[in-house]
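Residue strings, one per chain:
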Amino acid sequence: MYNYRKVTDDLYWVGADDHRLALFENIHPLYHGVSYNSYVLLDEQTVLFDTADWSVGRQFIENVKAVLGGRSLDYMVINHVEPDHAASIEEILLRWPEVKIITTPKAVIILRQFGFPIETEQIAEVKEGDTWCFGTHTVTFVNAPMVHWPEAMVTFDLTNGVLFSADAFGSFRSLDGKLFADEHNFPVEWIDDARRYYTNIVGKYGPQVMALLKKAGGLDIKYICPLHGPVWRKDIGYILDKYVHWASYKPEENGVMIVYASMYGNTENAAEILASKLAERGITNTRLYDVSSTHVSYLISDLFKYSHLVLASVTYNLGIFPPMHNFLADMKALNLQNRTVAIMENGSWAIRSGALMKEKVEALKHMTILNDSVTLASSLREQNIAEVDALADAIAASIVAS
Ligand code: FEO
């Protein structure tokens, strides 16, 4: 049975939730599902804005058919061709073979790479600033390269202020019937999923996101219709502000994330003691993570949130403990910058993890490494307490100064 919702008088959400997917992009765990959003505009011409993942293809097609109510589909605007949005294009082409496709030249190349049977005569390639009138609605196209693939664009409806924002302003998590952000308690229920989505999917491309935000600043946006997560029609400034922080790699909060790699609990013990000492100094906005049991996507997400990071790792095979090594590699891959870092190292002989972690952090941009650090030989003992106190003092002072 179809299941659609009205966004405005003549614009409809025709997407669907997927509660079954375990790993988004086969890498990021999902515990609360994800939505694939698509929209139909009923103007003098009918227009579909993007499609949906094939996992929800049947529901999506039912929704499109129901909204069209027997009308033909005249246009399909494709803002982004990643298969979680483009996989159902072929089904649209089979059912409405006369549909005209509006997209970017790069999108056409990638669509053909994926094997979609698109006829050249049904494609209208558009570039930034072009406009298209569907009757009463005129839209304009804005290039959004690397948000999140090179072909991406966003489409702005000049008539009613709707921004079809592609992956920008998207989020993990299923909608569960509540299409609009103001139908959820977004700052409580959704923000962590939104941040984890942004930082892991688009986080690498902060400068490109900032460029898009700059262009968006010149538009009178009334609605944001992303390809995942809720539609924004109120408090748009809230999500824009989050995006400015994430895209410019500015921490949202002064706080400390302690990530430890521990084989037998001794490095974990040291991390816990540091957290206690921070609390004694009034620093309570802290999070403690075991790098071995926390998916790296959560660590990356919190890294974009907090100002300070403590890396505590045992030495393993004369190197960094592998899950910590992986975390540091992901930090680099996602372009994380502008954080203050403290280091704790451990090892029973040839202790090397501290120097190696420092090297990795130094390879990132605009990072501050505190001079104080902690070195443990197998476990934290009485003689190490002064070092831990000094590190807690240094972190506290740095937080107060930031
Ligand atoms: Fe949700 Fe880049 O696709």
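This is a predicted model, so every value here is computed, not measured. (Residues numbered from 1 in each chain as written. Predicted model: local features only at pLDDT ≥ 70, side-chain atom pairs only at ≥ 80, totals over all residues. Heavy atoms only, no water.)

Q: Quick rundown of a nonpolar patch on the surface? Include the residues and the values.
A: Nonpolar side chains collect at one region of the surface, where Met1, Tyr2 and Tyr4 lie side by side and expose about 340 Å² of accessible area between them. Assignment of secondary structure puts Tyr4 in the segment before strand E1 (5-8). (Patch = residues over 30% accessible without salt bridge, like charges linked within 9 Å, V, L, I, M, F, W, Y side chains within 5 Å. Areas by Shrake-Rupley, 256 points an atom, 1.4 Å probe, with all protein chains shown as cover. Salt bridge = Lys/Arg side-chain N within 4 Å of Asp/Glu carboxyl O. Helix = DSSP H or I, 4+ residues; strand = E, 2+ residues; numbered from the N terminus.)

Q: Residue-level account of the packing of aromatic side chains, with values.
A: A full pass over the atoms with the stated rule returns 21 aromatic pairs. Seen in terms of ring centroids, Phe172 and Tyr197 are 5.4 Å apart; in terms of plane orientation they differ by 90 degrees. Their pairing is edge-to-face. One end of the pair, Phe172, is in the loop between strand E15 (162-166) and helix H5 (186-202); the other, Tyr197, is in helix H5, with 25 residues separating them in the sequence. Residues Phe172 and Tyr197 agree in their burial class; the two are buried. In textbook terms, an aromatic cluster arises when at least three aromatic residues are bridged by ring pairs, as seen for Phe169, Tyr198, Tyr243 and Trp246. Just above the ring of Tyr298 sits the side chain of Arg196; from NZ or CZ to the centre is 4.1 Å. (Phe/Tyr/Trp six-rings, centres within 6.5 Å; stacked < 30°, edge-to-face > 60°. Buried < 20%, exposed > 50% of the residue type's maximum accessible area, 1.4 Å probe, protein only. Lys NZ or Arg CZ within 6 Å of the ring centre and 35° of its normal.)

Q: Got a sec to walk through the sheet that holds strand E9 (residues 75-77)? Specific residues and values, please.
A: On the basis of which strands lie adjacent, the open sheet formed by 7 strands has the order E1-E2-E7-E8-E9-E10-E11 and mixed pairing. Every interior strand has two partners, whereas the edge strands, E1 and strand E11 (123-125), have only one. The average undirected angle you get between the axes of adjacent strands in this sheet is 25 degrees. As judged from the 3 bridges shared by strand E8 (residues 46-49) and E9, these two strands associate in the parallel manner. Its bridge partner being in E9, Val47 is matched across the sheet by Tyr75. (Pairing = 2+ DSSP bridges. Axes fitted to C-alpha atoms, helices over the stretch in contact; angles between N-to-C directions.)

Q: Mind laying out the domain arrangement of the protein chain, listing which residues take part and the relevant values?
A: For the protein chain, the assigned domains read domain 1 (5-247) and domain 2 (256-401). Opposite the 14 residues of domain 1 that make contact, domain 2 presents 12 residues. For the pairing of domain 1 and domain 2, the buried interface totals around 1100 Å² over both sides, and the portion due to carbon and sulfur atoms is 54%. One can count 0 salt bridges joining domain 1 with domain 2. Here domain 1 and domain 2 share 7 residue pairs in polar contact (both at pLDDT 80 or more) between them. Only strand E5 (28-29) and H5 provide two or more residues apiece to the side of domain 1 that touches domain 2. Residue contributions to the side of domain 1 that touches domain 2 peak at 6 residues, all from H5. Among the residues forming the side of domain 1 that touches domain 2, the class breakdown is 6 nonpolar, 4 polar and 4 charged. (Domains from an automatic or database assignment. Contact = heavy atoms within 4.5 Å. Buried area = accessible area lost by both parts, 1.4 Å probe. Polar contact = N/O pair within 3.5 Å; in protein donor to acceptor, adjacent residues only side chain to side chain. Nonpolar A, V, L, I, M, F, W, Y, C, P; charged D, E, K, R; others polar.)

Q: Tell me about helix H7 (residues 236-247), and please be specific about residues and values.
A: The terminal C-alpha atoms of H7, which comprises 12 residues, lie 16 Å apart, in line with the 16 Å expected from a rise of 1.5 Å per residue. Every buried residue of H7 is listed here: Ile236, Ile239, Lys242, Tyr243, Trp246 and Ala247. Mapping the buried residues of H7 onto a view down its axis gives an arc of 130 degrees, with all of them on the same face. Packing partners of the buried residues in H7 comprise H5, helix H6 (206-216) and strand E16 (223-226). (Expected span 1.5 Å × (residues − 1). Arc of directions from axis to C-beta.)

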